[in-house]
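Per-entry structural report
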Amino acid sequence: MSASKNEIKDIHMDVLREIGNIGAGNAATSLSKLMQRKIDMSVPSVQILELNEVSAALGGEENIVAGIYFQISGDINGFIMLLLDIQSSKTLTNILMMREDSSNELDEMDKSALQEVGNILSGAYVSSLSSLTNLSINISVPSLCIDMAGAILSVPAIYFSHISDKILLINTAMNEHSDKSVNANFLLIPDFDSFKTLMNSLGVAL
Amino acid sequence: MKKMIKVGMAEYKIVKVPEILTTLGLGSCIGICLYDKQAKIAGLAHIMLPSSIQIKNNTNKAKFADTAIELLLNDIIGLGALKRKITAKIAGGAQMFAFSNNSNDLMKIGLRNAEATKLILKSHGIPILSEDTGGNYGRTIEFDPSNGELMIKTIGHGIKVI
């Protein structure tokens, strides 16, 4: 197959965008159930960015963010990453543990809670993807890393760079109350063969 | 006032004194600094992958260690550096996420990037004066061609100059 045929076209990006919308919606619903509270979700913004623009979208390369990473396997392989800025991470763990902690420090308890929230959000995301495509998809345990956005994003960027210089970023704002917003970013990165499988299952063959 | 020149992911740039090269938030990528001390010319590449061979999407040559080093060498020599005077300093190549089953190649990409970079520099006969690679944390680096110092800043792992 020639290189040009392997390129991702607009229609494939549109499909990824739609998957992102549905997945993020289900994730917010799951979070709402977990917390037994109403969680509002903004319409996700789905951006297709150049590699260089991704960290800017997350507040700059040196901005400290929490990245929760999951491997996916089964009919498709790749990974999912949930990215939260530190303020959103803290808001989320505060809601979860029903407390008011105004510091921006994340202790071990917070980190553990974050991984659990990540589990729920990514699980919901994957299950909607799975039912949409009829593909069997398993998800790994989470791995958390809190560091510079640029450094964390180097992992998906490298993975995705095998197939494209662009990356798909889905940003969703979730609110419990209007004053406390949680900004969640999802990255879905299938490997190249899985990308083809995914597209085939959705009727837009690569 | 020294002017800071920013190098983005999968980019490379060449500067002369008094400009300073920087790249922010290196994770598994590698920052490769080439430097001619006498000419005070330096180049910095922010590479993502070890090799352009067997990669279909390989039009951006600054993305790969092999082709980026060639580009850097060409341009730095073009600006007046002498090949035999060129030295290197490298940083990055971290493993940001850990898993108990470490079979995934992607997780080891930082290590592979570092190994490939060293091998390619060696094949060009360029000595590596110092390096700060590996670990599980991000790095912001600054290279100053006025003194050849590479400053490395981290979150929670201090600042050092190599």
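Residues numbered from 1 in each chain as written. Chains lettered and ligands numbered in written order. Predicted model: local features only at pLDDT ≥ 70, side-chain atom pairs only at ≥ 80, totals over all residues. Heavy atoms only, no water.

1. Quick notes on the packing of helix α1 (residues 10-35) of chain A against helix α3 (residues 86-96) of chain A
Residue and element names in this part refer to chain A. Applicable threshold: Inter-axis angles, ranging from 0 to 180 degrees, are taken between N-to-C directions of lines fitted to C-alpha atoms, where helices are fitted over the stretch in contact. Each helix is a run of H or I in the DSSP string that is no shorter than four residues. Each strand is a run of E no shorter than two, and both are numbered from the N terminus. By definition in this entry, angles of less than 35 degrees are roughly parallel, angles greater than 145 are roughly antiparallel, angles of 65 to 115 are roughly perpendicular, and the rest are oblique. When checking whether two residues touch, look at their non-hydrogen atoms; a contact exists if any pair is within 4.5 Å.
Put simply, α1 and α3 touch, their axes get as near as 10 Å, and they point 40 degrees apart. Taken together, the axis directions place α1 and α3 in an arrangement best described as oblique. Contacts between α1 and α3 involve Leu 31, Leu 34 and Met 35 from the first element and Leu 92, Ile 95 and Leu 96 from the second.

2. Observations concerning the interface of chain B and chain A
Stated formally: Note on terms: buried area is the combined drop in 1.4 Å-probe accessible area of two parts once they are placed together, counting the loss on both. Any Lys or Arg side-chain nitrogen located within 4 Å of an Asp or Glu carboxyl oxygen qualifies as a salt bridge.
Each side of the interface is counted separately: chain B has 35 residues, and chain A has 32 residues. Of the roughly 2700 Å² buried at the junction of chain B and chain A (both faces included), carbon and sulfur atoms supply 65%. For the pair chain B and chain A, the number of links is one salt bridge. Of the charged contacts in the structure, one is a salt bridge between A:Glu61 and B:Lys6, with a shortest N-O distance of 3.2 Å. Listing elements by their share of the side of chain B that touches chain A, those giving two or more residues are β3 (20-26), α2 (109-123) and β8 (139-144) of chain B. Here the side of chain B that touches chain A takes three residues from β3(B), the largest share from any one element.

3. Points about the sheet that holds strand β5 (residues 41-47) of chain B
All names here are of chain B. Applied cut-off: For two strands to be treated as a pair, DSSP must find no fewer than two bridges joining them.
One open sheet accounts for five strands, arranged β2-β5-β4-β6-β7; its pairing is mixed. Where the open sheet ends on each side, the last strands, each with one partner, are β2 (12-16) and β7 (128-133). Pairwise comparison of adjacent strand axes, ignoring direction, gives a mean angle of 15 degrees for this sheet. Relative to β7, strand β6 (residues 86-92) runs parallel, the two being bridged by five bridges. Bridge assignment links Ala 88 to a residue of β7, and that residue is Ile 128. The strands touched by helix α1 (residues 65-78) within the sheet are β2, β4 (30-36), β5 and β6, with β5 carrying the most contacts at an inclination of about 160 degrees. On top of the sheet, α2 reaches β4, β5, β6 and β7; it is set at about 20 degrees to β4, its chief contact.

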